[in-house]
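Close look at the chain arrangement
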Amino acid sequence: MKTLFIPFLFVLSLFVSCSDAKDDQELSEKTVSYDVYVAGRENNTACYWKNGQKTNLADGTNITPSKIIVENNHVFLKIMSSGKII
């Protein structure tokens, strides 16, 4: 029994000590973030939110954004005014 105990401890110590911290670093480096855009109206003024930060549209009163498109960090809104798409 004593002859098996020492090799067992040796093998166990190899498994425990051979953890690879590099895998944890690779996982944290591959994390991707995305921006979230939402179009809408607040207080009768058209606006959009990017990651929770509100941006009011210039001359955005009495219009309703119906679609938001983002391309190369440029924000485009399809809007409706008096039921007509502009």
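Here the structure is shown first, and the text comes after it.
Described in the following lines is the structure provided in the data block. (Residues numbered from 1 in each chain as written. Predicted model: local features only at pLDDT ≥ 70, side-chain atom pairs only at ≥ 80, totals over all residues. Heavy atoms only, no water.)

A few points about unusual backbone geometry
Residue Asp-59 is not a glycine yet carries a positive backbone phi of 55 degrees. One non-glycine residue with positive phi stands out, namely Asn-72, at about 55 degrees. Residue position: Asn-72 is located in the loop between strand 4 (64-71) and strand 5 (74-81). Since its relative accessible area comes to 66%, Asn-72 is described here as exposed. (Helix = DSSP H or I, 4+ residues; strand = E, 2+ residues; numbered from the N terminus. Buried < 20%, exposed > 50% of the residue type's maximum accessible area, 1.4 Å probe, protein only.)

Some points on the pattern of salt bridges
One pass over the structure, following the stated rule, counts 2 salt bridges. Residue Lys-50 is joined to Asp-35 by a salt bridge in which the shortest nitrogen-to-oxygen separation is 4.0 Å. Residue Lys-50 is located in strand 2 (residues 45-50), and its partner Asp-35 is located in the loop between helix 2 (21-29) and strand 1 (37-42); the two are separated by 15 residues in the primary sequence. Here Asp-35 falls in the partly exposed class, since its relative accessible area comes to 43%. With a closest N to O distance of 2.5 Å, Lys-54 and Glu-42 form a salt bridge. Here Lys-54 is found in strand 3 (residues 53-61), whereas its partner Glu-42 is found in strand 1, with 12 residues between them in sequence. A relative accessible area of 35% means that Lys-54 is categorised as partly exposed. Overall, Glu-42 belongs to the partly exposed group, its relative accessible area being 33%. (Salt bridge = Lys/Arg side-chain N within 4 Å of Asp/Glu carboxyl O.)

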